[in-house]
Amino acid sequence: MCTVSFMRLHGQVIITSNRDEHLQRENAVAPALHTLPAKKIIFPKDAKAGGSWFAAADDGVVLVLLNGAFKKHNPQPPYRKSRGLILLEIIEANEPLSFFKVISLENIEPFTIVLYQPDQLYELRWDGKNKHEKQLDAAGSYIWSSATLYNDEIIAYREELFEQFIHSAAITAKGIYDFHASNNGDTENGFIISRKTGMKTFSITQAVVNDDAVNFLHSDLLQQQEYAEVLPLKQTA
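This one's a predicted model, so the numbers in the text were calculated from it and none came from an experiment.

> Please clarify how the packing of aromatic side chains should be interpreted in this entry.
Within a pair of aromatic rings, the relevant descriptors are the distance that separates the centres and the angle that separates the planes. This model, assessed by the stated rule, comprises 7 aromatic pairs. Taking the centre distance of 5.8 Å and the plane angle of 40° together, the rings of Phe 6 and Tyr 116 count as tilted. Residue Phe 6 is located in strand E1 (residues 3-9), and its partner Tyr 116 is located in strand E7 (residues 111-117); the two are separated by 110 residues in the primary sequence. With relative accessibility at 4%, the residue Tyr 116 sits in the buried group.

Here it is as structure tokens:
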């Protein structure tokens, strides 16, 4: 929920996320498949609030959460509901983008959501007062860093590393995962962090969306366990 990248590669969409949390936070529950009346969804579950930061559905929709909107904010708890629960409410809707437009976010902590639905990519932000919706080119490549953990200078530096990476060699899903698993010798602001404050990268999650399935990979870095699941996509007539 603190670093997210998006790439379209050889007909695949690859979305990868690093989750950074304080060591005092309970580790997440391993990804599981949840069957709803209208769709099936796979996601790892936050053990504290019950929500998630990364979810994929069998209609080809993928949502990923980052803490904060445009700039670092001062948390003012208690909040009405966790951002991870908001993410699940959005992906459970038949029309996730339309649902974001109408859902009440009063007394919800600021967040950014990367929303991919077949051939469409959106950046959805809530700054604590207003919603912001931006459509992006779904054929492009992007990286986001949480405004709550990284200042503008570090965010720009990470974007530069990403640009160098995508122009360096033949890119694969495994290569993107390895990029997210690197820190360039910087445990404070690398992609894998281990800060003196107790902030640490807990996991890396990746969804590879193909024409007929979502390949879902989740690596629990604390427990050194890996989970892989294939979610078949619903076929439309």
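> How do you make sense of the sheet that holds strand E4 (residues 40-45) when you look at a structure like this?
Pairing between the strands of a sheet is mediated by backbone hydrogen bonds and can be parallel or antiparallel. Read from one edge to the other, the open sheet built from 7 strands follows the order E3-E4-E5-E6-E7-E8-E9, with strand pairing classed as antiparallel. Strands at the two margins of the open sheet, each flanked by one partner only, are strand E3 (29-35) and strand E9 (131-136). Direction aside, the axes of adjacent strands within the sheet are offset by 15° on average. Pairing of E7 with strand E8 (residues 120-126), which is carried by 7 bridges, proceeds in the antiparallel orientation. Directly across from Thr 112, in E8, lies its bridge partner Arg 125. Contacts between helix H1 (residues 83-92) and the sheet are confined to E4, strand E5 (54-57), strand E6 (62-67) and E7, with E6 contributing the most and set at about 160° to the helix.

> Whenever I open this one, the nonpolar core confuses me. Can you help?
Taken as a class, soluble globular proteins show a tendency for nonpolar side chains to be buried jointly. Counting 47 residues, the largest nonpolar core has Ile 15, Phe 111 and Ile 113 as its most contacted members. Not counting residues up to four positions away in its chain, the partners in contact with Ile 113 are Leu 63, Val 64, Leu 65, Leu 87, Ile 90, Tyr 122, Glu 123 and Leu 124.

> Would you mind going over the environment of Asn 215 with me for this structure?
Along the polypeptide, Asn 215 turns up in strand E12 (residues 213-220). Exposure remark for Asn 215: the relative accessible area of 31% places this residue in the partly exposed category. Residues Asn 215 and Ala 56 lie 159 residues apart in sequence; the distance between their C-alpha atoms is 9.6 Å. Excluding residues within four positions of it along the chain, Asn 215 makes contact with Gln 206, Ala 207, Val 208, Asn 210, Glu 229 and Val 230.

> Hey, could you run me through unusual backbone geometry in this one?
The omega torsion of the bond from Pro 77 to Pro 78 falls at 5°, within 30 degrees of zero and hence cis. Here Pro 78 shows up in the loop between E6 and H1. Despite not being glycine, His 10 has its phi angle at roughly 50°, a positive value. Assignment of secondary structure puts His 10 in the loop between E1 and strand E2 (12-22). One non-glycine residue, Asn 107, adopts positive backbone phi at about 60°. Structurally, Asn 107 can be placed in the loop between helix H2 (96-102) and E7. For Asn 107, a relative accessible area of 38% gives the class partly exposed.

Here is what the cut-offs are and how they apply
Residues numbered from 1 in each chain as written. Predicted model: local features only at pLDDT ≥ 70, side-chain atom pairs only at ≥ 80, totals over all residues. Heavy atoms only, no water. Phe/Tyr/Trp six-rings, centres within 6.5 Å; stacked < 30°, edge-to-face > 60°. Helix = DSSP H or I, 4+ residues; strand = E, 2+ residues; numbered from the N terminus. Buried < 20%, exposed > 50% of the residue type's maximum accessible area, 1.4 Å probe, protein only. Pairing = 2+ DSSP bridges. Axes fitted to C-alpha atoms, helices over the stretch in contact; angles between N-to-C directions. Contact = heavy atoms within 4.5 Å. Core = buried A, V, L, I, M, F, W, Y, C linked by side-chain atoms within 4.5 Å.

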